Amino acid sequence: MATTSAAPEDRVFAALANSTRREVLRLLREDGPQPVQALADHFDMARPSLSEHLKVLREAGLVSEERQGRQRIYRLEALPLAEVQDWLHPYERFWRDRFKELGALLDRLPDDEADPAPRTR
């Protein structure tokens, strides 16, 4: 049964599903806290559109906003990303185990000692 309010992890995944929001997170990770205008300079969109993306990121807990005079400074909040990583870890382990099994299977296969097909020039 669906609920009307999204769980925190659902908001994080929804926020990460958009490439603009992922780029905002990358900019904050690489360049540190920034005012809205500095972030807006990286995008070809109206500032209200970027503000909507920042609102989604804020509601997901991925960024925080601090007022400094007339500016709003945005900062990356990485804890929700660590929680996503924790959620994904069993799947990473699943695939690592499958690849290990595939490698073991390939190691057990006999080497093909026949000459390869002659190449035509």
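Computed from a predicted structure; not experimentally measured. (Residues numbered from 1 in each chain as written. Predicted model: local features only at pLDDT ≥ 70, side-chain atom pairs only at ≥ 80, totals over all residues. Heavy atoms only, no water.)

### What to know about the packing of aromatic side chains
Note on aromatic pairs: each is described by the distance of the centres and the angle between the planes. Under the defined criterion, the tally for this structure stands at four aromatic pairs. The interplanar angle of 70 degrees and the centroid separation of 5.4 Å between the aromatic rings of Phe13 and Trp87 together place this pair among those described as edge-to-face. A residue pair is termed long-range when its members are at least 10 positions apart, and Phe13 in helix H1 (residues 8–16) and Trp87 in helix H5 (residues 79–108) qualify at 74 residues. A relative accessible area of 35% places Phe13 in the partly exposed class. (Phe/Tyr/Trp six-rings, centres within 6.5 Å; stacked < 30°, edge-to-face > 60°. Helix = DSSP H or I, 4+ residues; strand = E, 2+ residues; numbered from the N terminus. Buried < 20%, exposed > 50% of the residue type's maximum accessible area, 1.4 Å probe, protein only.)

### Thoughts on the pairing of strand S3 (residues 71–76)
Here two bridges tie strand S1 (residues 34–35) to S3, and the two strands are oriented antiparallel to one another. Bridge pairing links Pro35 to Ile73 in S3. Taken together, the six bridges between strand S2 (residues 63–68) and S3 define a ladder with antiparallel strand orientation. Residue pairing in the sheet places Val63 in a bridge with Leu76 of S3. (Pairing = 2+ DSSP bridges.)

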